[in-house]
Amino acid sequence: MITVPDATFDIAVIGAGMAGASIASALSSTYRVLLLEREDQPGYHATGRSAAVFTAIYGNETVRALSRASRDFLTAPPDGFADHALVSPLGNMFVARADQLGRLEAFFERPDIAPLTTWMDAAATRRLCPLLAEPYVAASVYEPGALAIDVDALQQGYLRAFRRNGGALATRAGLEGLDYQDGRWTLRTATGVFASAIVVNAAGAWADRVAAMAGSRAGYVQPFRRTAVLVDPPADMEIARWPFVMDIDEDFYFKPDAGTLLLSPADETACEPCDAQPDEWDIAVAIDRVCAATTLQVRRVRHSWAGLRTFTRDRLPIAGPDCDLPGFYWLAGQGGYGIQTAPALAQLLAARIRDEACPEALRAEGISYTDTGLERFRLQPAV
């Protein structure tokens, strides 16, 4: 816990995961910002359990645009942001069986995907990842520009810049009350009471609960559990240069991870906000699906974990003001793309809070405020 000597701020950001750290950093250059975290340290939940991959061809069209707009920051961060590179080469491959080729072709033909990828036949696919079983794979779409992200370095870079700008971080500061009166918000936490003119809800899986505490409508976001497993690779294979491999229907993925293989069944199990734990069934499904597509034989599980991916019903993130509450902003619903889109989303929301035009770099990728605004749900039927 860090003691905060002054309890009054311009902006209070709730949640110090990647979303909260990035927006707090962006705003702290011009505002007095408080960053609140309910856990002992930032990044305990979704941020610390990410697959740590940057790919510009994953997710829906808006997510892909946000990823492209984030790439320059990740590959060339500001001077002094980090002690070493935030990213390293990885590569990304969507694979398909013969019965999936139609879906793979349709994916490859999308105008924002084709320029970034190469179509590979079965032989070329297996040369890049010889673990894939010869009868299984028919073709793949390969993205050579995909990257591995040093998630901790990225988050610590944001927090370092935040502190350098005079920002205040309070951990073990779970929110207990949130009220608006006379033009400011009062935030009652486990470590004290704070006040700010603006609140940013970057609480991840808990974003709906924070909003409900403030008096906003609930039901905008839903957390889903995802499972990951680490296993030993085949002893006779050098895996360091293998790409991230995902089934075109997103039934599984795997990638090299510090000398081991990370496997996932790409599961999405709706759940309440929590400290997610892996389910034995999902671990077994991960192993079964990957082994069916490869020559891998799993003799033991080295480690397993689960994390929460939080989505809106249209699978687009929220980065904008609440329709019902003054001075209340959302940065939530990033799904499984929150790490790789953090630079663009922080830039987008910071500009909106400052009442500036959408940044040119984002508009160049076709991004506008309406894409991520909460007001879009007023036009959508409830589900």
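Before reading on, note that the structure itself is shown above.
Residues numbered from 1 in each chain as written. Predicted model: local features only at pLDDT ≥ 70, side-chain atom pairs only at ≥ 80, totals over all residues. Heavy atoms only, no water.

This part covers the layout of surface pockets. If a probe the size of a water molecule is rolled over the atoms, the empty space left behind becomes visible. Taken as a whole, the second largest pocket spans an internal volume of roughly 420 Å³. Considering the residues around the second largest pocket, the lining is formed by 25 residues, among which Ala26, Phe73, Tyr158, Pro343 and Gln347 are closest to the centre. Those elements that place two or more of their residues in the lining of the second largest pocket are helix H1 (18-27), helix H2 (61-75), helix H5 (151-164) and helix H8 (338-353). The biggest single contributor to the lining of the second largest pocket is H8, with six residues. Classifying every residue of the lining of the second largest pocket gives 14 nonpolar, four polar and seven charged. (1 Å grid on protein atoms, 1.4 Å probe; cavity = no way out; pocket = protein on both sides within 12 Å on 5 of 7 lines; lining within 4 Å. Points joined across faces, edges and corners; volume = space filled by probe spheres on them. Helix = DSSP H or I, 4+ residues; strand = E, 2+ residues; numbered from the N terminus. Nonpolar A, V, L, I, M, F, W, Y, C, P; charged D, E, K, R; others polar.)

For the rest of this paragraph, the subject is the packing of aromatic side chains. Across all of its chains, the model carries 16 aromatic pairs by this definition. When the centroid spacing of 5.5 Å and the interplanar angle of 40 degrees are considered together, the rings of Tyr220 and Phe377 count as tilted. Taken together, the positions of Tyr220 in the loop between helix H6 (207-214) and strand E13 (221-231) and Phe377 in the segment after helix H10 (369-372) put the pair 157 residues apart, joining distant regions of the chain. Taken as a pair, Tyr220 and Phe377 share a single burial class, namely buried. (Phe/Tyr/Trp six-rings, centres within 6.5 Å; stacked < 30°, edge-to-face > 60°. Buried < 20%, exposed > 50% of the residue type's maximum accessible area, 1.4 Å probe, protein only.)

Glancing now at the sheet that holds strand E4 (residues 87-89). Across the sheet, which stays open at both edges, the three strands sit in the order E3-E8-E4 with antiparallel pairing between neighbours. One side of each edge strand has no neighbouring strand; the edge strands of this open sheet are strand E3 (53-54) and E4. Pairing of E4 with strand E8 (residues 147-149), which is carried by three bridges, proceeds in the antiparallel orientation. Each residue of the ladder has a partner; that of Pro89, found in E8, is Leu147. (Pairing = 2+ DSSP bridges.)

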